[in-house]
Amino acid sequence: MTSELGVDVELQPGHEAVVRVAVATLWTSPEEVRPVDRPALDPQADVAAWISGMDPEQQVGDCVLSQLLFGERVLVTALRPDGWAHVVAVEQPSATHDSRGYPGWLPAAQLAPVAPDDPQGPDAPWVVDATVTALRTAPGGEPVVAGIVLGTRLAPAGPPADGWRPVHASGHDRPLWLPDSHLVPLPTEPPPARDVLAVAARLRDVIYVWGGLSTYGIDCSGLVHLAWRRFGVVLPRDAADQARATTPLPLGAERPGDLYFFARPGRQIHHIGFVSAEPDAAANRRLLHACYQHRGVVEEAMPAGRTATLVGVHRV
């Protein structure tokens with residue numbers, strides 16, 4: 001099919017595809033996108049320009065569901081003649097929405113068919129540890145895919161050279177390069193929770209964006225999902241599902257890196273944050289979270305309003 005949004009793609013419903021842009025945004029429907037969203041819809045998906053072009057209220061619009069990182073696999077479930085694809089994000093579990101993964105819409109031009117020998121995806125053995133980097137034509141060469149973010153899985157395509165490493169790049173017919181120091185092997189053992197907390201703390205002051213899942217903008221459950229993804233651990237995308245996938249602890253038993261969950265009476269869980277310090281003798285608590293009220297990622301003493309809606313602490 002030929003997309004009005006920029007490139008020819010060969011996608012088929014019922015088959016997997018792979019994200020070919022640094023960060024793709026998953027939308028509730030094509031009809032819900034706004035004029036301000038245009039940079040995120042382009043074939044190169046300039047998410048940094050999209051977020052900087054929105055005002056604080058637009059950054060929390062509910063037309064965004066989630067985001068997908070370069071090389072992430074999706075199941076294509078429908079294609080529209082106007083260049084939109086409905087997909088299931090199979091690397092973002094979502095028991096609430098679809099047992100196969102998180103469903104939503106994105107421009108088909110931001111996807112590429114999965115090659116039979118594509119080493120990308122959830123089995124890629126390396127992960128980006130830099131906050132932001134770029135994939136280049138050659139060591140020190142021109143960027144081909146800018147804005148690659150923390151937590152992106154990549155498969156090396158050969159040994160490093162002069163401080164640069166070649167990697168397989170989905171949707172590209174030859175290896176691309178990034179600084180070797182920006183890429184680390186995934187651990188073979190579950191990481192200590194404190195290490196995950198340290199990764200999340202590196203995102204302090206990142207802008208709060210509803211549905212965000214990148215170092216450009218992120219929401220509360222996205223922060224938890226991305227920090228654990230950096231270590232190869234796949235958690236569900238939404239806070240309520242993250243609660244079901246983790247182990248409850250007695251309040252007071254929490255340690256840094258555990259997770260606080262929040263809900264209003266009679267409602268499902270609506271917020272999540274990392275335990276950032278052990279409670280003191282007076283049971284005062286601290287958390288690191290992507291906060292709607294602060295419009296960013298903050299580490300703070302738990303406010304009274306949060307304490308009133310605290311419903312549990314869990315461990316991954």
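Quick notes on the environment of Thr247
Point 1. When you line up the elements, Thr247 lands in strand 18 (residues 247-249).
Point 2. Given a relative accessible area of 47%, Thr247 falls into the partly exposed group.
Point 3. In contact with Thr247, not counting residues within four places along its chain, are Val313, His314 and Arg315.

Digging into the environment of Ala89
Point 1. Within the fold, Ala89 resides in strand 5 (residues 84-89).
Point 2. Owing to a relative accessible area of 0%, Ala89 belongs among the buried residues under this scheme.
Point 3. Residues within four places of Ala89 in sequence aside, it is in contact with Leu68, Glu72, Arg73, Val74, Arg100, Gly101 and Tyr102.

Considerations on the pattern of salt bridges
Point 1. The final tally for this structure, using the stated rule, is 17 salt bridges.
Point 2. One salt bridge connects Arg165 with Asp180, and the closest N-O pair in it is separated by 2.7 Å. Of this pair, Arg165 sits in strand 12 (residues 164-168) while Asp180 sits in the loop between strand 13 (176-179) and strand 14 (183-185), and the two are 15 residues apart along the sequence.
Point 3. By relative accessible area, Arg165 is classed as buried at 10%.
Point 4. According to the relative accessible area criterion, Asp180 is partly exposed, its value standing at 23%.
Point 5. When the shortest N-O distance is used, the salt bridge between Asp241 and Arg244 registers 2.5 Å. Of the two residues, Asp241 and Arg244 are both situated in helix 5 (residues 239-244); the distance of three residues between them amounts to about one turn of the helix.
Point 6. Under the relative-accessibility criterion, Asp241 is labelled buried at 4%.
Point 7. Here the salt bridges do not stand alone but share partners, grouping Glu31, Arg80 and Asp82 into one network.

Cut-offs and rules
Residues numbered from 1 in each chain as written. Predicted model: local features only at pLDDT ≥ 70, side-chain atom pairs only at ≥ 80, totals over all residues. Heavy atoms only, no water. Helix = DSSP H or I, 4+ residues; strand = E, 2+ residues; numbered from the N terminus. Buried < 20%, exposed > 50% of the residue type's maximum accessible area, 1.4 Å probe, protein only. Contact = heavy atoms within 4.5 Å. Salt bridge = Lys/Arg side-chain N within 4 Å of Asp/Glu carboxyl O.

By themselves, these figures tell us nothing about what the structure is for.
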